[in-house]
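Residues per chain, in single letters:
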Amino acid sequence: MGIEQKLGNLGFITTTLEQAVNWARKRSMWPLASGLACCAIEMMSTQCADYDMSRFGMEIMRPSPRQSDLLIVAGRVTRKMAPVLRRLYDQMPDPKYVIAMGDCCSCGGIFNNYAIVPGVDEVMPVDVYIAGCPPRPEALLHGIMTLHDKVMNTKLDRWA
Amino acid sequence: MYGPELDVGKSNLSHLFSERALTGETMILNMGPQHPSTHGVLRIVLELDGEEIITCIPDIGFLHSGIEKNMEAKRYEQALVMTDRMDYLNNLGNNLAFCLALEKLVGLDVPPRAQVVRVLLAELQRISSHLVWLGTHANDLAAMSMLLYCFRERELILDIFELVSGQRMMTSYFRPGGLWRDLPPEFEDTVRAFLKIFPGRVDEYEGLLTHNPLYVERTKGIGAISAEDALNLGLTGPPLRAAGVPLDLRKMRPYSGYETYDFDVPVDDRGDTYARYIVRIEEMRQSVRIVEQALDKLPDGPFRSSNRKFVPPPRSELGRSMEAVIHHFKLWTEGFKAPKGSVYMPVESPRGILGCFMEGDGTAKPLRVHFRTPSFANLQALPAMSEGHLVADMVAIISSLDPVLGDVDR
Amino acid sequence: MKPIEEGIKHLREQAGNYVRKETTFLDSPAFEIAAEGIVEVCRNLNEGPGKFDFLAALTAVDYFPDRPRFKVVYELLNSSQPDLLRLEVLLDESEELDSISAVFPNANWHEREVWDMFGIPFRNHSDLRRILMPQDWVGHPLRKDYPLGYEEVQFSFNFDEIDRRKRYAKE
C-alpha cells in the first residue's frame, strides 16, 4: 500500500519525520570521553578491536563536551568530582543522553561511605543504567543498543 | 567551586606560583580533571610562560573512594574484594599485597602450588598492565594504532583471567591462604598458546616505535631525572629503574617464591621518557620468561591452606565432618580474628612499590589498613620532571610515569 | 655486621635519647621515637652507616578512645639492602609533629595525606593543605569518631520509601 510499490526502484523511501530524525540521532551519537575509574578501561576495550564501538557510529570519543551528545559516566563519582561532571553535562548541547555504566555510578556500588555519591542520578538525569563491576564490553554494547531503542521511540516535542 | 581559584592573587595558593604569575606576566592554565590524556581524573594547574612550563601543581583526590575507611568496617575477607578496585589495572597484584600482609599478620601458610600460580598470574597481570600503558602512551603521542594492537593482546590475557576466576578484571582470585579455587584443565594450553604468539607481538611493537624518529624526537630527553633525585622524590618501579637505580623488590625482598625464578631486571641510565619505554618493553619480555618457568614447574597439591581456623572448608567436607560445619559457621558469621600488631608488606606492582600496612586489634575487622601506592608517590615527582619543558611534553611525561588514579587516590 | 645493624648501633649511640622503646614484631625491628626528635633520628639513619635513603611509607593509626590517640608510622628502606626499619611516634590529640621533608623530600605528600585524613599538623611543612578531600571539606575522615557515611541499602521491602527520599536530579 502506498506510493512505494508504485515507484519501483526510483530510489525513494517514505517514512515519518520522527523516524528519520531519530534514526540519524542514534546512528551518529558521539560519546564524550569521561571515563573515571575501572569501568573506563572496559569502555576503552569496547572501543578497541574485539568489541568495536565504531560500528555504532561512535568512532572516536570526543574530548570536548561541546561536540558530543552522549555522556557515558564510567566509574565511581566522588563528591569532589560531582560538580565537574555536572558542569560537563551542562556544557553538552541538546539532545543529550547519559549512560550510567557500572555499579558505582548506578547506585554507589561496592562503596558505601563519605566519599562516593551513591549514584550519578543524584547529579544528572540518566537514560540507561548498565550493571556490572565492571560490565563486560558486551554489556556496554547492549546498553548502547537499549539507548538506541529509547531514542527511536522518542517523540519530537521540541523544535530543537 | 572545586579546587583552587585560578586567580592567583585572590587564592591562598600564591606561595606555589612564581612572582610573575601575580602580575599576569605568565598564564595559569588548568589541565582539568576531564582530559583525554591525563589517564584518569587528574587535574594539573600549569603556570606557563608562552609554551614553557614554569610551575606544575597536581591536584588529586577526584577519585578518592574512602577504601581505607570502608575496610575498617568489613571483615578481612570482605575487605579483600575492595582491593581490586584500587589500582584497577593490577587487580591481582593488589590482592597479592593484601593477602601477603594478612598471611604474615596471622601466620598462615600458603601451599607451593598456590605460590607458583600467584607468581604466574601476577606476571600475566604485569604484562596486561604494561600493554594498557603502551597503548595509551602511544595514543597520547598520536600513534593510535598501538592502542588497538595492545588491547587486542590484552583480550587474550583477560580471557585467561576469565577462565580461571570467572571475571575479566576484578577477579579477587587470591584469597588468604592461597587461591579461591583450583585451576581448570584448559589453563595450561591457553597460557602456552598465549606465550607462543606474544614475544612476536612485542617485537612488532618495538618495530613500530623504538626507532621511529617521530617517537624518539618526542621522548628522548623529555622528563629526565637523575638517580639521586628519583630516590629522594620517592619514585619507584620503572621510572626509578630507568634512572639507573636497580631497585626491584622481586629481587631484593622476594616473596611468594620469586627467588626460585631466573629473570633479569632491566635498568637504563638516561632517566627520560624514552628510557622508561625501553625498561617497560623489556619487563614484558622478562615477565614472559617468568610465566614460562612457572608453568613448567607448576606442582600438584592443594591450592589453599588447610588451616581451618582461617580458611573455610570445601563444601564436600560439610556433609561428613562436624568440625567442618562449625568452622564454616564461625568463619562466615564472625570471621577470623587477627592478633594485635601491625605489619608492612611491600610488593612490586607494575608501577612501583605497593606496600600494605595492616594493623589488627584482636577482632575480626582490621583496625587500620593503609596502602602505600606507587602512583601516589610517583606523581609527586611530576613537577620536578616537567619544569622547563613545553606544554606538549606534559602529556608525554604524565603518561611515562604511568599513574593510575585509582591507585593515587584510593 | 649487616648495614641495618650498623645503622641501629649508630642510632643508639648518637640519638639514643630520643628512642623510647625497641620492639620486634615478626622479625622486623621497630623503634618508638619521641615526637621532638623525629627529624634528628631520620637524619641519623639517612646519613649514618645504615644508609636508609628511601622513605617507603608514612601513615598514621587512630586508637580513638585510648590515649595516646595517634601513632604515626615511618617505614625506611635501604635501597640496596633488603631491610625495612620502622619508626613509630605516639601523639596525643592536638600535638604537632615536625615535618621530615628536609631529610626525605617525598614525605611532602604523605604528610599532607596524614593531615587531611587525621588532622595531625606538621611544622615546617612547605604546603600543608588538603590533598585527597575537597579544599572546603570539614573534618578528618579517617578518625574513628568520623562517621562512615553509610547509606541505607535499598532492598525490595524498603524500595519505595528510599525511592521517595532519594534526591534524584530532575534535569
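Residues numbered from 1 in each chain as written. Chains lettered and ligands numbered in written order. Predicted model: local features only at pLDDT ≥ 70, side-chain atom pairs only at ≥ 80, totals over all residues.

(A) Structural view of the overall build of chain B. In terms of helices and strands, chain B carries 18 helices and eight strands. A compact globule built from 410 residues would reach a C-alpha radius of gyration of about 22 Å, and chain B, at 23 Å, matches this within 12%. Within chain B, the proportion of its 410 residues that are buried is 54%. When contacts within chain B are restricted to residue pairs at least 6 apart in sequence, those whose partners lie at least 24 apart make up 68%. (Helix = DSSP H or I, 4+ residues; strand = E, 2+ residues; numbered from the N terminus. Rg over C-alpha atoms; globule rule 2.2 N^0.38 Å. Buried ≥ 20, exposed ≤ 12 C-beta atoms within 10 Å, placed from the backbone. Contact = placed C-beta atoms within 7 Å.)

(B) Molecular detail of the overall build of chain A. Scanning chain A from N- to C-terminus turns up six helices and four strands. Each helix and strand of chain A, placed in order from N terminus to C terminus, yields the pattern α-α-β-α-β-α-β-α-β-α. Each principal axis of the C-alpha distribution contributes one length, and for chain A these read about 65 × 35 × 25 Å.

(C) Molecular detail of the interface of chain A and chain C. Each side of the interface is counted separately: chain A has 12 residues, and chain C has 11 residues. Class assignment of the residues belonging to the side of chain A that touches chain C gives a composition of five nonpolar, three polar and four charged. (Nonpolar A, V, L, I, M, F, W, Y, C, P; charged D, E, K, R; others polar.)

(D) Fine view of the sheet that holds strand β1 (residues 27-31) of chain B. Residue and element names in this part refer to chain B. Across the sheet, three strands lie side by side as β1-β2-β3; this open sheet has antiparallel pairing. Here the strands that pair on one side only, and so sit at the sheet edges, are β1 and β3 (52-59). Going from strand to strand, the sheet's axes swing by 20° on average, the running direction of each strand aside. Relative to β3, strand β2 (residues 43-49) runs antiparallel, the two sharing seven bridges. Bridging from a neighbouring strand, Arg 43 pairs with Asp 59 of β3. (Pairing = 2+ DSSP bridges. Axes fitted to C-alpha atoms, helices over the stretch in contact; angles between N-to-C directions.)

(E) Main features of the packing of helix α5 (residues 112-140) of chain B against helix α12 (residues 273-296) of chain B. Residue and element names in this part refer to chain B. Their axes nearest at 9 Å, the elements α5 and α12 cross at an angle of 155°. Between α5 and α12, the angle falls in the class roughly antiparallel. Crossing of α5 over α12 shows left-handed handedness. In contact with Val 116, Val 119, Leu 120, Glu 123, Leu 124, Arg 126, Ile 127, His 130 and Trp 133 of α5, α12 contributes Arg 280, Glu 283, Met 284, Ser 287, Ile 290, Val 291, Ala 294 and Leu 295. Partitioning the contact of α5 with α12 into residue classes produces 11 nonpolar, two polar and four charged. (Parallel < 35°, antiparallel > 145°, perpendicular 65-115°, else oblique. Left-handed = near helix turned anticlockwise from the far one by under 90°.)

(F) Just the pairing of strand β3 (residues 97-101) of chain A, in detail. Residues and elements named next belong to chain A. Burial analysis of β3 places five of its five residues in the buried class, the great majority of the element. With burial as the criterion, each face of β3 is covered, one bearing Tyr 97, Ile 99 and Met 101 and the other bearing Val 98 and Ala 100. The sheet contact formed by strand β2 (residues 70-74) and β3 spans five bridges and is parallel. In the strand pairing of β3, Leu 70 is matched with Tyr 97. Where the polypeptide runs from β2 across helix α4 (residues 82-91) and back to β3, its parallel neighbour, the crossover connection is right-handed. Bridge count for β3 against strand β4 (residues 128-130) is three bridges, and the pairing is parallel. Within β4, the position partnered with Ala 100 by the bridge is Tyr 129. (Right-handed = clockwise from strand over helix to strand, strands pointing away.)

(G) Spatial organisation of the confidence of the model for chain A. Per-residue confidence for chain A gives a mean pLDDT of 86; residues scoring 70 or more make up 94%. Mean pLDDT per element in chain A: helix α1 (residues 3-7) of chain A is the minimum at 68, and β4(A) is the maximum at 93. (pLDDT = per-residue confidence, 0-100.)

(H) Quick peek at helix α1 (residues 3-15) of chain C. Residue and element names in this part refer to chain C. Taking 1.5 Å as the rise per residue, α1 with 13 residues should run 18 Å; its terminal C-alpha atoms sit 17 Å apart, in good agreement. Listed in full, the buried residues belonging to α1 are Ile 4, Gly 7, Ile 8 and Leu 11. The arc that holds every buried residue of α1, seen down its axis, measures 100°, which confines them to one face. Packed against the buried residues of α1 are β1 (19-25), β2 (28-33), α2 (38-47) and β5 (84-91). (Expected span 1.5 Å × (residues − 1). Arc of directions from axis to C-beta.)

(I) View of the packing of α1(C) against α2(C). Residues and elements named next belong to chain C. At a minimum axis separation of 9 Å, α1 and α2 run at an interaxial angle of 140°. One way to sum up the angle between α1 and α2 is to call them oblique. Along this stretch, α1 crosses α2, giving a crossing that reads as right-handed. Where α1 abuts α2, its residues Gly 7, His 10, Leu 11, Gln 14 and Ala 15 lie against Glu 40, Val 41, Asn 44 and Leu 45. Along the lines of polarity and charge, the residues of the contact of α1 with α2 split into four nonpolar, four polar and one charged.

(J) Inspection of the pairing of strand β6 (residues 341-349) of chain B at higher detail. Residues and elements named next belong to chain B. With eight of nine residues buried, β6 lies mostly within the body of the structure. Bridge analysis of β6 against strand β7 (residues 352-360) gives nine bridges, and the strand direction is antiparallel. Residue pairing across strands places Met 345 opposite Cys 356, the latter belonging to β7. The hairpin turn running from β6 into β7, its antiparallel successor, is two residues long.

(K) Region of interest: the sheet that holds β6(B). All names here are of chain B. What the three strands build is an open sheet, ordered β6-β7-β8; its pairing is antiparallel. Both outer strands of the open sheet, β6 and β8 (368-372), are each paired with one neighbouring strand and no more. Across the sheet, the axes of successive neighbouring strands diverge by a mean angle of 15°, strand direction being ignored. Relative to the sheet, helix α4 (residues 91-106) contacts β6 and β7, its axis offset from that of β6 by approximately 150°.

(L) Seen up close, the interface of chain B and chain A. Facing 28 residues of chain B, the contacting portion of chain A comprises 28 residues. No other element matches the five residues that helix α6 (residues 144-165) of chain B contributes to the side of chain B that touches chain A. Split by residue class, the side of chain B that touches chain A holds 16 nonpolar, seven polar and five charged.

(M) Seen up close, unusual backbone geometry. Here the residue pair Asp94(A) and Pro95(A) is connected by a cis peptide bond, since its omega of -10° sits within 30 degrees of zero. Relative to the helices and strands, Pro95(A) is located in the loop between α4 and β3. Residues Cys133(A) and Pro134(A) are joined by a peptide bond in cis, for which omega reads -10°. Looking at the secondary structure, you find Pro134(A) in the loop between β4 and α6 (137-152). For Ser172(B), which is not a glycine, the phi torsion comes out positive at approximately 50°. The residue Ser172(B) is located in the loop between α6 and β4 (174-175) in this model. One non-glycine residue with positive phi stands out, namely Ser256(B), at about 55°. If you trace the backbone, Ser256(B) turns up in the loop between α11 (249-252) and α12.

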